[in-house]
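# A look at the structure
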Amino acid sequence: MNIGMLVFPDITAIDYVAPADLLVRIPGAQLHLVWKHTDPVRTELGWEFRPTASFDTCGQLDMLVVPGGPGIEALLSDGETLAFLARQAQGAQWIVGICTGPLVLGAAGLLQGYRATCHWGSHELLSLVGATPVDKRVVVDRNRITGAGMTSGIDCALQAIALASSTEVAQGIQLFAEYDPEPPFDTGSPHKAPASLVQAARARLHPIVERRRALLTARHAATTAA
């Protein structure tokens, strides 16, 4: 199985590192960190890493995975990246989006008519790319698998492993990873966190969400006009 994880400048590290570490453990799988080039790029926190394959060298992917992070804003209007995703999706068996990665898949036209989720802060934007927003941690609709924010990528990856391989393989990988979360606080979603905490977080995210809304609205208008 040839798995391609799109990476890009200002990506959120946990969005790609955790799922990639699980997905690559599928027996017979090869996983590439794919970008336009293989020169070093930096995560949103400035940590440098290197993609392992380019758009031109990764080959046809069996599973296409798009994580999220602040860097998605540039991708929403990046014709080269969106064309790559659309092209790869034609031959991929599975298409996976994590955190805000589903918005990028949507901008590439890959979520039109599909049920999907993403990070709660940008969840309302899914409708702008033709998706039906679903308030769940992981959503599977045919061969589209989408996960909510950040740590949801672990759940999303395990679901993808089960579908692409088998439940037994996914269970074994979960056991090896000792993924048995017991968070110290029950504030991991807007439905559980105190209202004041949610309101403060939404206020911080508001400018980011509005920038993304403007980019997606402009892309939709341009696509419709074309």
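Residues numbered from 1 in each chain as written. Predicted model: local features only at pLDDT ≥ 70, side-chain atom pairs only at ≥ 80, totals over all residues. Heavy atoms only, no water.

Turning next to the overall build of the protein. When helices and strands are tallied, the protein shows 7 helices and 11 strands. For 226 residues, the compact-globule estimate of 2.2 N^0.38 gives 17 Å, and the protein sits close to it at 17 Å. If one aligns the C-alpha atoms of the protein with their principal axes, the spans along those axes are about 45 × 45 × 35 Å. Taken across its 226 residues, the protein has 49% of its residues classed as buried. Here the analysis covers contacts within the protein between residues at least 6 apart in sequence; of these, 64% occur between residues at least 24 apart. Taking the 17 positively charged and 21 negatively charged side chains of the protein as two groups, their mean positions are separated by 6 Å. (Helix = DSSP H or I, 4+ residues; strand = E, 2+ residues; numbered from the N terminus. Rg over C-alpha atoms; globule rule 2.2 N^0.38 Å. Buried < 20%, exposed > 50% of the residue type's maximum accessible area, 1.4 Å probe, protein only. Contact = heavy atoms within 4.5 Å. Lys, Arg positive; Asp, Glu negative; His and termini not counted. Charge placed at Lys NZ, Arg CZ, Asp CG, Glu CD.)

Our focus in this paragraph is the pairing of strand S1 (residues 2-6). With 5 of 5 residues buried, S1 lies mostly within the body of the structure. Here S1 shows two buried faces, one formed by Asn2, Gly4 and Leu6 and the other by Ile3 and Met5. Of the pairings in the sheet, the one linking S1 to strand S2 (residues 30-35) comprises 5 bridges and is parallel in character. Looking at S2, one finds that asparagine 2 is bridged to glutamine 30. (Pairing = 2+ DSSP bridges.)

Mapped onto the fold, alanine 131 is located in the loop between strand S8 (115-116) and strand S9 (132-133). Using a relative accessible area of 7% as the deciding quantity, one classes alanine 131 as buried. When the C-alpha positions of alanine 131 and glutamine 112 are compared, they lie 5.3 Å apart, and in sequence the two are 19 residues distant. When sequence neighbours within four positions are dropped, the list of residues in contact with alanine 131 reads Leu111, Tyr114, Ala116 and Leu126.

The next thing to look at is the sheet that holds strand S10 (residues 138-141). Spatially, the 7 strands line up as an open sheet ordered S5-S2-S1-S6-S7-S11-S10, and their pairing is mixed. Either end of the sheet is taken by a strand with one partner, and the two such strands are strand S5 (53-54) and S10. Sheet topology places S1 next to strand S6 (residues 63-66); 3 bridges connect them, and they run parallel. Counterpart to glycine 4 in the pairing with S6 is leucine 64. Packed on one face of the sheet, helix H1 (residues 13-23) meets S1, S2, S6 and strand S7 (94-98) and runs near 170° to S1. (Axes fitted to C-alpha atoms, helices over the stretch in contact; angles between N-to-C directions.)

With respect to the helices and strands, the residue serine 152 is situated in helix H5 (residues 152-164). Once residues within four sequence positions are removed from consideration, serine 152 is found in contact with Arg137, Val138 and Gly147.

Most of the time, phi is negative for any residue but glycine, and the peptide bond is trans. Positive phi is not limited to glycine here, since arginine 142 has a value of about 55°. Checked against the element boundaries, arginine 142 lands in the loop between S10 and strand S11 (144-147). Its identity is not glycine, yet glutamate 178 carries a phi of approximately 50°, on the positive side. Mapped onto the elements, glutamate 178 comes out in the loop between helix H6 (167-176) and helix H7 (195-225).

Time to look at the environment of glycine 113. Among the secondary structure elements, glycine 113 is positioned in the loop between helix H4 (101-107) and S8. Sequence-distant contacts of glycine 113, defined by excluding residues within four places in its chain, comprise Gly130, Asp141 and Arg142.

The interhelical angle for the contact between H5 and H6, taken along N-to-C directions, is 145°, at an axis separation of 6 Å. Residue-level inspection shows Leu158, Ile161 and Ala162 of H5 in contact with H6, the latter providing Thr167, Val169, Ala170, Ile173 and Gln174.

Counted under the stated rule, the structure contains 3 aromatic pairs. Here tryptophan 35 and phenylalanine 55 contribute two aromatic rings whose centre-to-centre distance is 5.9 Å and whose plane-to-plane angle is 85°, an arrangement assigned as edge-to-face. With tryptophan 35 in strand S2 and phenylalanine 55 in the loop between S5 and S6, this residue pair connects regions lying 20 residues apart in the sequence. Owing to a relative accessible area of 5%, tryptophan 35 belongs among the buried residues under this scheme. Given the relative accessible area of 8%, phenylalanine 55 is considered buried. By way of ring pairs, the aromatic residues Trp35, Phe55 and Phe84 are connected into one cluster. Lying over the aromatic face of tyrosine 114, arginine 142 brings its terminal NZ or CZ to 4.0 Å of the ring centre. (Phe/Tyr/Trp six-rings, centres within 6.5 Å; stacked < 30°, edge-to-face > 60°. Lys NZ or Arg CZ within 6 Å of the ring centre and 35° of its normal.)

That's the geometry; what it means functionally is another story.
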